[in-house]
Amino acid sequence: MASEAPKAEALNVVGQPVKLRDLKKHVGGQTSYCDDLRFPRMLHLKMHRSVQPHAKLLAVDTAAAARSEGVVRVLTHADLPGGELWSGLATVGGAGDEPVLASDKVRWKGEAIAAVVARTPEQAEAAAAKVKVRYEPLPAVFDVEEALAAGAPNLIAHWPGNHYIFGDDHAAAQIRLGDVEKALAEADRVVENVYQTSPIEQAPLETIGCVAVPDGDGRYTVHTGSQSLSSTLKSVAAYLGLPANRLRFVSGSVGGGFGGKADLAVEVTATLAAIKTGRPVKYRYTREEEMFASSTRAAWRVYIKDGVMNDGRIVARKVTTYHDSGAYLRMSNYGAMKHSTHWPGPYTVANVWVDVYCVFTNRTPSGAMRGFGIMPASFAIEVQMDRVAKAIGMDPWRLRLLNAYRNGDMRGHHRAVKDAAMIETIQATAKLSEQNLTGDLQSLSSWRQKAG
Amino acid sequence: MAKLRGTGMAAVNYPTGMHLGGDPTMALVHATSSGSFVVTLSSVELGQGLKTVLAQIAAETLGVPLEAVVVDTGDTDTGPHCSGTGASRTTHRAGNAVIAAAKEARQEMLDVAAEMLEVSADDLVTDGKGNIHVKGVVEKSLPAAEVAAAGQFVYGKSISGRGIFLPPASKQDPETGESAPYSTQAHACTVVEVEVDTETGAVRVLSLKSVYEIGRQVNPELVKGQIVGGAWMGIGHALYETTAPYYPAIDHAPYDFLNYVIPGAAEMPEVQCEILEYPSETGPYGAKGVGEMVANAPIPAIVNAINNALDVCIGEIPVTPEVVLRALEEKARADGA
């Protein structure tokens, strides 16, 4: 453990504010994106989507769509080989629970049912509207705590309690450090609150899209805006029953992702369509699809119970979080685990207890977004810190600096803090915002255990 | 009815890399016969400046000018594996892989130069301007491009290198959560000032000041771009954005940017930021990831500022005018009671 702050060595190029390599092309409107790609005989794919949040599919009639002008092919669940279920984390052992195209049931309003491939995007759109679906509506559940309650409608048979099952059959991702109940009982004050974040659209300027192109030699090149070429490639290969080396994934400049392009979205269906038609197929989300059909940032509900001493020390932090996964898992278990180990934030608390549930609801499946799992924790922690400060009548700067973690302190996930400079960052912010800190707070350091 | 001002702050930490590690990225570096050094990988450029940052890291390690480095990325046939652009991992993972590959290529280049100059490779240095010379003897110098060409055509040597960075994979204990989930933590603290119109419930962010500790900056302008962009995203999350205005209900879902409201230029305050540099043990030249954390401090700081202005306890986002007005009504009821 270093006892002093590390110093930066002198460098030549690293540390220089050199210009973004693509800057001129970007600002000059000359950057080419996935949607700019054109290939001879290229077809366009549009999706028919569920209008029900939870329903049995009684019949999917594609006859009128198939007869529609310009249509080359209509794809349903029956066209998918293997019947593999989609998992956002398939390549690292995530559980598959989501069909690429709905089969027996739909679980959210917007779920993909039938793909129409036509010569122009307009023809594909018009034909997709002609797909006729007969539904038998089922009771739907939208609230995370209602979904967990006894008697709630079950979404996925694989998840009987409407929640993901973590290792060793745990219903929640857990953190257990010290004895939180004892510390809460002994605390001068207990400060308890609930925090709620909203589902958010990643809103990249370039919507999700790809073009799957047959190479003519049994291989397929997929040009995509995916943030993760290799894992998406392997997922597509698995769902289509292809050896992974039959696929090549290529990305050019991507017009922003913010996590919204980390999920598998368009690549499986577009590649399947390219295989079935032998022609290049483009599948690009409209802005409307981007808004209602692509993975959102999840909504998170966080209950915090803090045990605090009158001198400002936080001695216990007990947290229960409900992560709204929406209708399917995708990467939710990853986000929930990342959320769990983030507690108790950049503070040293000796007794920490955390339960994070991934809950299934009949809402748009959520996925990754910038700050996955961490953003909602930081939001809840930092609003809570102000409430704790108010409860004990302490200045919020003082409360944070007194509790800020230092190198060598124990974190919630049972590892020591290292490489950290939280205290110096708060001190520098006080200076920048002309906030006067008293001498004892100014003398704190991330590299020393005691003030002064 | 009045316009009330308040200030709020928030301090955050943010982990670098995919949760629990085990996420490798690889890079290859080779010298062409045309005087370039090509970095080949399959990471994705999202506009954040991946190619620029990795060119800087390669140029630094190779000891050649930035202009001599070409970054060829985003192709799974030609580029070696990358575990994806996300989790604030690319500068850290790909950066370390590029350093490893560039070190190997640099050694090869110095070995060839040593043969040409009839000196020991240990006595050679690069000047960062495209030349290799004997330490302390600037006259005994060769252009790097000439050395690369000689390597290929005279000495039969490929000036190239391979690099991989694989952070060890950790497991999270299902009972206690014990794990080694990240490579390092970056830090930030933000102070904002807001003005709240108690008649309309509208909130305006007047100023936003932040300090970031991100190990070491590879490119200060790109870091600033992330911070200013993240402040903008944070204002959106804190005040406007939702795909479910009456969550958890699914009604009234937006379908375009007319009814999914994101902040425009008029909603942006001046963003001030400062960077503290404490090089991280694991990062390439000490860098930590800054890509994702940049909205995280602004969001709670804005909510804290609103609570400070109104003396209320709002704990949800976005804090729309409706949320503000309901909080004021509740406070009026509580004060009256």
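Just so it is clear, the model here is predicted, and its values are computed rather than measured. (Residues numbered from 1 in each chain as written. Chains lettered and ligands numbered in written order. Predicted model: local features only at pLDDT ≥ 70, side-chain atom pairs only at ≥ 80, totals over all residues. Heavy atoms only, no water.)

Visitor: How do you make sense of the overall build of chain A when you look at a structure like this?
Guide: Helices and strands together make up the secondary structure of chain A, namely 13 helices and 17 strands. Judged by the C-alpha coordinates and their principal axes, chain A covers about 80 × 65 × 35 Å. Here chain A, with 452 residues, has 62% of them falling under the buried criterion. Residue pairs at least 24 apart in sequence account for 79% of intrachain contacts in chain A once pairs closer than 6 positions are excluded. Averaging the coordinates of the 53 positive side-chain charges in chain A and doing the same for the 47 negative ones gives two points 5 Å apart. (Helix = DSSP H or I, 4+ residues; strand = E, 2+ residues; numbered from the N terminus. Buried < 20%, exposed > 50% of the residue type's maximum accessible area, 1.4 Å probe, protein only. Contact = heavy atoms within 4.5 Å. Lys, Arg positive; Asp, Glu negative; His and termini not counted. Charge placed at Lys NZ, Arg CZ, Asp CG, Glu CD.)

Visitor: Even after reading the chapter, I still don't get the interface of chain A and chain B, so can you show me in this structure?
Guide: Interface extent is often summarised as the accessible area lost during association of the parts. Taken together, the 110 residues of chain A in the interface contact 114 residues of chain B. Around 9100 Å² of area is buried between chain A and chain B when both sides are counted, 58% of it from carbon and sulfur atoms. For the pair chain A and chain B, the interface holds 55 residue pairs in polar contact (both at pLDDT 80 or more). Of all the elements, helix H10 (residues 374-392) of chain A adds the most residues to the side of chain A that touches chain B, at nine residues. Counted by class, the side of chain A that touches chain B contains 47 nonpolar, 32 polar and 31 charged residues. (Buried area = accessible area lost by both parts, 1.4 Å probe. Polar contact = N/O pair within 3.5 Å; in protein donor to acceptor, adjacent residues only side chain to side chain. Nonpolar A, V, L, I, M, F, W, Y, C, P; charged D, E, K, R; others polar.)

Visitor: How should empty space enclosed by the protein be read in this particular structure?
Guide: Rolled over the atoms, a probe sized like a water molecule indicates the empty space that remains. Residue and element names in this part refer to chain A. Scanning the model with the defined rule gives six cavities of 30 Å³ or more in all. Its boundaries defined by the atoms lining it, the largest cavity holds a volume of some 190 Å³. Contributing to the lining of the largest cavity are 22 residues, with Trp86, Ala265, Tyr285, Ala293 and Arg330 lying nearest its centre. Within this model, the second largest cavity holds a volume of roughly 60 Å³. (1 Å grid on protein atoms, 1.4 Å probe; cavity = no way out; pocket = protein on both sides within 12 Å on 5 of 7 lines; lining within 4 Å. Points joined across faces, edges and corners; volume = space filled by probe spheres on them.)

Visitor: Looking at this model, I keep getting lost on the packing of aromatic side chains. Mind explaining?
Guide: Any pair of aromatic rings gets described here by the distance separating the centres and the angle formed by the planes. All names here are of chain A. Going through the model one piece at a time under the given rule, you end up with nine aromatic pairs over all chains. Between the aromatic rings of Trp159 and Tyr164, the centroid separation amounts to 5.2 Å while the plane-to-plane angle is 55 degrees, which identifies the pairing as tilted. We note that Trp159, like Tyr164, is buried. Considering the side-chain rings of Tyr322 and Tyr357, the 5.4 Å spacing of their centres and the 20 degrees angle between planes classify their relative orientation as stacked. Of this pair, Tyr322 sits in strand S15 (residues 314-326) while Tyr357 sits in strand S16 (residues 351-360); the two residues are 35 residues apart in sequence, bridging distant segments of the chain. Just as Tyr322 is buried, Tyr357 falls in that class too. Here the aromatic residues Trp159, Tyr164, Phe166 and Phe360 are joined through ring pairs into a cluster of three or more. The residue whose ring lies beneath Lys318 is Trp353, and the NZ or CZ to ring-centre distance is 4.7 Å. (Phe/Tyr/Trp six-rings, centres within 6.5 Å; stacked < 30°, edge-to-face > 60°. Lys NZ or Arg CZ within 6 Å of the ring centre and 35° of its normal.)

Visitor: Explanation requested: the domain arrangement of chain A in the structure shown.
Guide: Residues and elements named next belong to chain A. Here chain A is described as being made up of domain 1 (167-200 + 296-416) and domain 2 (421-452). With centres defined by C-alpha atoms, the gap from domain 1 to domain 2 works out at 24 Å. With twelve residues of domain 1 at the contact, the number on the domain 2 side is 20 residues. At the boundary of domain 1 with domain 2, total buried surface from both sides reaches about 1300 Å², with 63% on carbon and sulfur atoms. The largest per-residue losses of area from domain 1 upon contact with domain 2 belong to Trp397, Leu401 and Arg406, which jointly make up 54% of the total buried on that side. Here domain 1 is connected to domain 2 by one salt bridge. Asp440 is the partner of Arg398 in a salt bridge, and the nearest nitrogen-oxygen pair spans 3.0 Å. Along the contact surface separating domain 1 from domain 2 lie four residue pairs in polar contact (both at pLDDT 80 or more). In terms of residue class, the side of domain 1 that touches domain 2 is built from six nonpolar, one polar and five charged. (Domains from an automatic or database assignment. Salt bridge = Lys/Arg side-chain N within 4 Å of Asp/Glu carboxyl O.)

Visitor: Is there a simple way to explain the sheet that holds strand S11 (residues 247-250) of chain A in this structure?
Guide: Within a beta sheet, neighbouring strands are joined by backbone hydrogen bonds and run either parallel or antiparallel to one another. All names here are of chain A. Overall, mixed pairing links the seven strands, which are arranged S3-S5-S1-S12-S9-S10-S11 in an open sheet. Each end of this open sheet is capped by a strand with a single partner; those strands are strand S3 (71-75) and S11. Between one strand and the next, the sheet's axes are offset by a mean angle of 25 degrees, whatever the strand orientation. Here four bridges tie strand S9 (residues 209-214) to strand S12 (residues 281-284), and the two strands are oriented antiparallel to one another. (Pairing = 2+ DSSP bridges. Axes fitted to C-alpha atoms, helices over the stretch in contact; angles between N-to-C directions.)

Visitor: When you look at the pattern of salt bridges in this model, what are you seeing that I'm missing?
Guide: As enumerated under the stated definition, the model contains 34 salt bridges over all chains in all. With a shortest N-O distance of 3.2 Å, Asp35 of chain A and Lys282 of chain A are connected by a salt bridge. With Asp35 of chain A in the loop between helix H1 (23-27) and strand S1 (43-49) and Lys282 of chain A in strand S12, this residue pair connects regions lying 247 residues apart in the sequence. One salt bridge connects Glu193 of chain B with Arg5 of chain B, and the closest N-O pair in it is separated by 3.8 Å. Remark: Arg5 of chain B occurs in strand S1 (residues 3-15) and Glu193 of chain B occurs in strand S9 (residues 185-197); sequence separation between them is 188 residues. Salt bridges sharing partners connect three or more residues here, namely Arg219 and Arg248 of chain A together with Asp75 and Asp77 of chain B.

Visitor: Would you explain the nonpolar core in this entry?
Guide: Buried together is how nonpolar side chains tend to be arranged in soluble globular proteins. Grouped together as the largest cluster of nonpolar side chains are 106 residues, with contacts concentrated most on Trp343 and Ile426 of chain A together with Val194, Leu239, Ile302, Ile306 and Val319 of chain B. Of all the elements, H10 of chain A adds the most residues to this core, at ten residues. Every residue in contact with Ile306 of chain B, bar those within four places of it in the chain, is listed here: Val194, Val196, Val203, Leu239, Val312, Ile314 and Val319 of chain B. (Core = buried A, V, L, I, M, F, W, Y, C linked by side-chain atoms within 4.5 Å.)

Visitor: Can you walk me through the layout of surface pockets in this structure?
Guide: Residues and elements named next belong to chain B. Each pocket or cavity is described by its volume, and for the second largest pocket that value is around 800 Å³. Taken together, 32 residues line the second largest pocket, and the ones lying closest to its centre are Glu316, Pro318, Thr320, Glu322 and Val323. With seven residues, helix H6 (residues 321-336) is the largest single contributor of residues to the lining of the second largest pocket. Taken together, the residues of the lining of the second largest pocket break down into 18 nonpolar, eight polar and six charged.

Visitor: Sorry if this is basic, but what is going on with the pairing of strand S10 (residues 220-224) of chain A here?
Guide: Residue and element names in this part refer to chain A. Burial analysis of S10 places five of its five residues in the buried class, which makes it a mostly covered element. The side-chain alternation of S10 yields two buried faces, one formed by Tyr220, Val222 and Thr224 and the other by Thr221 and His223. The pairing of S9 with S10 spans five bridges and is classified as antiparallel. Across the sheet, Val211 pairs through a bridge with His223, a residue of S10. Summarising the sheet, S10 and S11 pair through four bridges and their orientation is parallel. Within the sheet, the bridge partner assigned to Val222 lies in S11 and is Phe249. Taking the sense of rotation as the criterion, the β-α-β connection linking S10, helix H6 (residues 229-240) and S11 turns out right-handed. (Right-handed = clockwise from strand over helix to strand, strands pointing away.)

Visitor: Looking at this structure, how should I read the sheet that holds strand S6 (residues 131-134) of chain B?
Guide: Residues and elements named next belong to chain B. Across the sheet, three strands lie side by side as S5-S6-S7; this open sheet has antiparallel pairing. In the strand order of this sheet, the two ends are held by strand S5 (124-126) and strand S7 (137-143), each with one partner. Averaged over all neighbouring strand pairs, the angle between strand axes comes to 35 degrees, with direction disregarded. Across four bridges, S6 lies against S7 in antiparallel orientation. Its bridge partner being in S7, Asn131 is matched across the sheet by Pro143. Packed onto the sheet, helix H3 (residues 144-153) meets S6 and S7 and runs at close to 55 degrees relative to S7.

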